[in-house]
Amino acid sequence: MKIGVIGSGSFGTALGSILADKGYNVILWTRNLDQARSINENHINNKHMPDLVLPDLLKASTDLIEVVKDKDMIVSAPPSHALSGILRQIKDHIPTKIPIVSASKGIENETLRLVSEIFESELPGSFHSQLSYLSGPSFAKEMVRKVPTIVSIASKNEATAKRVQEIFSFKYFRTYWTPDVVGVEVGGALKNVIAIAAGVADGLGFGQNTRAAIITRGLNEITRLGLKMGADPMTFLGPAGMGDLVLTCCGEASRNRTVGFRLGKGEKLNEILGSMNEVAEGVKTTESAKKLADKLGVEMAITDEVYKMLYEDKDPKEVVKDLMGRDLKREGV
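Rules used in this analysis
Residues numbered from 1 in each chain as written. Predicted model: local features only at pLDDT ≥ 70, side-chain atom pairs only at ≥ 80, totals over all residues. Heavy atoms only, no water. Helix = DSSP H or I, 4+ residues; strand = E, 2+ residues; numbered from the N terminus. Rg over C-alpha atoms; globule rule 2.2 N^0.38 Å. Buried < 20%, exposed > 50% of the residue type's maximum accessible area, 1.4 Å probe, protein only. Contact = heavy atoms within 4.5 Å. Areas by Shrake-Rupley, 256 points an atom, 1.4 Å probe, with all protein chains shown as cover. Lys, Arg positive; Asp, Glu negative; His and termini not counted. Charge placed at Lys NZ, Arg CZ, Asp CG, Glu CD. Axes fitted to C-alpha atoms, helices over the stretch in contact; angles between N-to-C directions. Parallel < 35°, antiparallel > 145°, perpendicular 65-115°, else oblique. Left-handed = near helix turned anticlockwise from the far one by under 90°. Pairing = 2+ DSSP bridges. Salt bridge = Lys/Arg side-chain N within 4 Å of Asp/Glu carboxyl O. Right-handed = clockwise from strand over helix to strand, strands pointing away.

K.L.:
Please explain the overall build of the chain as it appears in this structure.
P.N.:
Looking only at helices and strands, one finds 15 helices and eight strands in the chain. What you see for the chain is a C-alpha radius of gyration of 19 Å, in line with the 20 Å of a compact globule of 333 residues. Referenced to the eigenvectors of the C-alpha coordinate spread, the extents of the chain come out at roughly 55 × 40 × 35 Å. Every one of the 333 residues in the chain was classed for burial, and the buried ones make up 56%. Counted over contacts in the chain with a minimum sequence separation of 6, partners at least 24 positions apart contribute 72%. Carbon and sulfur atoms form 50% of the exposed surface of the chain, whose accessible area is close to 14,300 Å². Considering the chain, the positive charge centre built from 42 side chains and the negative charge centre built from 41 side chains are found 2 Å apart.

The structure is reproduced here in structure tokens:
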């Protein structure tokens, strides 16, 4: 089986590593020639995982068309803001009737489209039944280290979901399928916003009580928006909901939590982002999530405050003060 993976960041590399470890021939697309050489010659992603050895069956190429042409499955894992442009380049070169798996997280700033909506807008209708979306509690480096991990595979087509589930399932990587594409997409995007808030609380020196409060109320926000968009509420209690939220809010390897932590320590956003080697999706997603919540009339207090902190330079201490000073209300609303 020949598999093309679009995106050579940590997560794209990790997914490619699992598939190559399982015995599939995997080629990874990167824009960076030096990175491609490092993967092909030394089996190391020198930019994102310099301390980990990748499987021999994982190769890399700087030719995007080569990566998707004549493949048996495509895995897409670029930053969500780059997705539309990539899909426009490859849509005439993707083989028909093959599974297409998206692992990008986010909401497009200009259009407020979920990643699934970007795929359905940019690709012809003949591809839609082959689309699926992977999300869940999974740090990339742990996946490459073969740490036991579970994720969700969402697709509107049951046969596609089960096929992708079968391809990805391995001795240390377990997948659960679901038809709830919207729920999986909303959970995967918004957990990054809540993780920034959790990181801020940690950076300010608050304790486990505060983190638990942010996770709990953050899940409430995510669920509220998801329900408004037609998601199944049970999805938010699974791997792509609570599972991913807890990991992203608590794990030190979380890029979005790191952004929040450094903000809480007093650093400026531009300095933080300029020093990072990978994209923290939650920064852009915060803007989209606020716009989408406003458009749909959904109250999202944590998201609002994170937006003010990121885009209006609000003091993190004032964010916490205002969240704690909100009007009292019944649990669950």
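K.L.:
Which parts of the structure should I look at to understand the environment of G297?
P.N.:
Its place among the elements puts G297 in the loop between α13 (281-296) and α14 (301-311). For G297, a relative accessible area of 64% gives the class exposed. Sequence separation of G297 and L225 is 72 residues, and the distance between their C-alpha atoms is 9.2 Å.

K.L.:
Looking at this structure, how should I read the packing of α13 against α14?
P.N.:
Between two packed helices, both the angle of their axes relative to each other and the distance between the axes serve to describe the pair. Contact pair α13 / α14: the axes reach a minimum separation of 9 Å and the direction vectors enclose 125 degrees. One way to sum up the angle between α13 and α14 is to call them oblique. Note on packing geometry: the crossing formed by α13 with α14 is left-handed. Listed contacts from α14 to V283, K284, T286, E287, A289 and K290 of α13 are T303, D304, V306, Y307, L310 and Y311.

K.L.:
Hey, could you run me through the sheet that holds strand β8 (residues 173-178) in this one?
P.N.:
Where strands meet in a sheet, backbone hydrogen bonds hold them as pairs that are either parallel or antiparallel. Spatial ordering of the open sheet is given by β3-β2-β1-β4-β5-β6-β7-β8, a layout of eight strands whose pairing is mixed. Looking along the sheet, the strands with just one partner apiece sit at the ends: β3 (58-61) and β8. Mean inter-strand twist for the sheet, computed between neighbouring axes without regard to direction, equals 25 degrees. Pairing analysis gives six bridges linking strand β7 (residues 149-154) to β8, with the strands arranged parallel. Note on β8: the bridge partner recorded for A154 is T178. Where helix α2 (residues 33-42) meets the sheet, its contacts fall on β2 (25-29) and β3, and the angle it forms with β3 comes to roughly 155 degrees.

K.L.:
Before we go on, may I ask you to explain the side chain of E185 in this structure?
P.N.:
As for its placement among the helices and strands, E185 is situated in helix α8 (residues 181-203). It is K105 that comes nearest to the buried, bridge-free E185 among opposite-charge side chains, at 6.9 Å. Dropping the residues within four chain positions of it, E185 is found in contact with S104, L114, V115, S116 and Y133.

K.L.:
Would you take a moment to explain the pairing of β2 for this structure?
P.N.:
Across a regular strand the side chains alternate sides, sitting on one face of the sheet and then on the other. Of all the five residues making up β2, four are buried; the element is thus mostly covered by neighbouring parts of the structure. Of the strand pairs in this sheet, strand β1 (residues 2-6) and β2 are connected by five bridges, and their pairing is parallel. Across the sheet, G4 pairs through a bridge with I27, a residue of β2. Since β1 and β2 lie parallel, the crossover through helix α1 (residues 10-21) that links them has a hand, and here it is right-handed. As paired elements, β2 and β3 share four bridges and run parallel to each other. What sits directly across from W29, in β3, is S61.

K.L.:
Hey, could you run me through the pairing of β1 in this one?
P.N.:
Of all the five residues making up β1, four are buried; the element is thus mostly covered by neighbouring parts of the structure. In terms of strand pairing, β1 meets strand β4 (residues 73-76) through four bridges, oriented parallel. Paired with V5 across the strands is V75, a residue of β4.

No statement about biological role is implied by the geometric values presented.
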